[in-house]
Amino acid sequence: MERLIVLDTETTGLDVDDGHKVIEIGCVEIIDRNVTTNFFHEYINPKRLIEEKAFEVHGISNERLEDKPIFSDIIDKFMDYISDSPLIIHNAPFDVGFLRSEIGFSGQNPDNINIEREILDTLKIARKTFPGKRNSLDALCSRYSVDNTDRNLHGALLDARLLAKVYLRMTQGQTSIKGLSQSVNKSDQAIIDDVQSRSERVIRATSEETDGHLNYFKK
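Every value quoted in this text rests on a predicted model; they were computed, and no experiment measured them. (Residues numbered from 1 in each chain as written. Predicted model: local features only at pLDDT ≥ 70, side-chain atom pairs only at ≥ 80, totals over all residues. Heavy atoms only, no water.)

This part is about the overall build of the chain. The helix and strand inventory of the chain stands at nine helices and seven strands. In the chain, which comprises 219 residues, the proportion classed as buried is 40%. Within the chain, residue pairs in contact and separated by at least 24 positions form 65% of the contacts whose partners lie at least 6 positions apart. By element, 48% of the accessible surface of the chain is carried by carbon and sulfur atoms, the whole surface being about 13100 Å². (Helix = DSSP H or I, 4+ residues; strand = E, 2+ residues; numbered from the N terminus. Buried < 20%, exposed > 50% of the residue type's maximum accessible area, 1.4 Å probe, protein only. Contact = heavy atoms within 4.5 Å. Areas by Shrake-Rupley, 256 points an atom, 1.4 Å probe, with all protein chains shown as cover.)

Before going further, it helps to examine helix H4 (residues 92-105). Between its first and last C-alpha atoms H4 spans 20 Å; for 14 residues at 1.5 Å apiece the expected length is 20 Å, and the two agree. All of the buried residues along H4 are Ala92, Asp95, Val96, Phe98, Leu99, Glu102 and Ile103. Across the axial projection of H4, the buried residues extend over an arc of 165°, all falling on one side. Facing away from the buried side of H4 by more than 90 degrees, the exposed set consists of Pro93 and Phe105. In this structure, the buried side of H4 is in contact with strand E1 (3-11), strand E2 (22-31), helix H3 (71-82), strand E4 (87-89) and strand E5 (119-121). Looking one or two places after H4, you find Gly107, whose phi comes out positive at around 90°. (Expected span 1.5 Å × (residues − 1). Arc of directions from axis to C-beta.)

Now for the pattern of salt bridges. Tallied over the full model, the rule gives seven salt bridges. Of the charged contacts in the structure, one is a salt bridge between Lys21 and Glu102, with a shortest N-O distance of 3.2 Å. Taken as a pair, Lys21 in the loop between E1 and E2 and Glu102 in helix H4 lie far apart in primary sequence, 81 residues in all. For Lys21, a relative accessible area of 19% puts it in the buried group. Look at Glu102 and you get buried, because its relative accessible area is 4%. Shared partners join several salt bridges into a network, and the residues in it are Asp138, Arg151 and Asp159. (Salt bridge = Lys/Arg side-chain N within 4 Å of Asp/Glu carboxyl O.)

Moving on, we get to the nonpolar core. Core analysis: the biggest nonpolar cluster contains 23 residues, and Val6, Ile30, Ile88, Tyr144, Val166 and Tyr167 have the highest contact counts within it. Breaking this core down by element, the ones donating at least two residues are E1, E2, helix H5 (122-129), helix H6 (137-143) and helix H7 (156-170). Core analysis: the second largest hydrophobic core is formed by 22 residues, Ile5, Ile44, Ile74 and Ala92 among them. (Core = buried A, V, L, I, M, F, W, Y, C linked by side-chain atoms within 4.5 Å.)

Take the packing of aromatic side chains next. Aromatic ring pairs are defined here through the distance separating the ring centres and the angle between the ring planes. With the rule as written, the count across this model stands at four aromatic pairs. With centroids separated by 6.1 Å and ring planes inclined at 70°, the aromatic side chains of Phe130 and Tyr144 adopt a geometry described as edge-to-face. In this pair, Phe130 is assigned in the loop between H5 and H6 and Tyr144 in the loop between H6 and H7, connecting sequence segments 14 residues apart. The buried category is assigned to Tyr144, whose relative accessible area is 16%. The rings of Phe40, Phe78 and Tyr81 are connected pair by pair, giving a single aromatic cluster. (Phe/Tyr/Trp six-rings, centres within 6.5 Å; stacked < 30°, edge-to-face > 60°.)

Further remarks concern the pairing of E1. Of all nine residues making up E1, nine are buried, and the element is well covered by its neighbours. Going residue by residue along E1, you find Arg3, Ile5, Leu7, Thr9 and Thr11 tucked away on one face and Leu4, Val6, Asp8 and Glu10 tucked away on the opposite face as well. In this sheet, E2 lies alongside E1 in antiparallel orientation, the contact comprising nine bridges. Within the sheet, the bridge partner assigned to Ile5 lies in E2 and is Glu29. Pairing geometry for E1 and E4, over two bridges, is parallel. Each residue of the ladder has a partner; that of Val6, found in E4, is Ile88. (Pairing = 2+ DSSP bridges.)

Dropping the structure here:
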């Protein structure tokens, strides 16, 4: 059984080095290339103000988070959920940097989130597949025909669900993308094997077809 976790976060601002914090985590489980109903979702009280520009992106206010737990209260539940599964993240350095900071402030080893764990960055995959093109989540949803009409604002769980669909479509039928090992379903593999086993066929025109062609141009 292959288990993958698609993960997204929302934060108080863009720079973790300025003390910004995680305010929402959303995770979606994929098992054997099927999205399950086993998801993880938490809003988190950052104990600091949310920047106006960040609020414009996700629409989450400080007032909305006043009664929510702090990160250290949910860390054990979060780490138990992701277990040792590989993580799928769009622009992984951003989310991983914030999670490392939060885990460290909670008194645990920040390396638990990314050391000895495979992290699949869909932004890197997309940039390799579509160099020079826009590779935001919205752009990938459009490119892979994933319906994102409900995405008026960013949301960790909503974005994780969209990214799960995008990831499955962008890796469909692939056995290797950026070092990722992906399974090919039996029907797809049968088509691939059939195509690869075919010998080249050259179909030549008959003498009648050739004469007809030449006579056509003489006219």
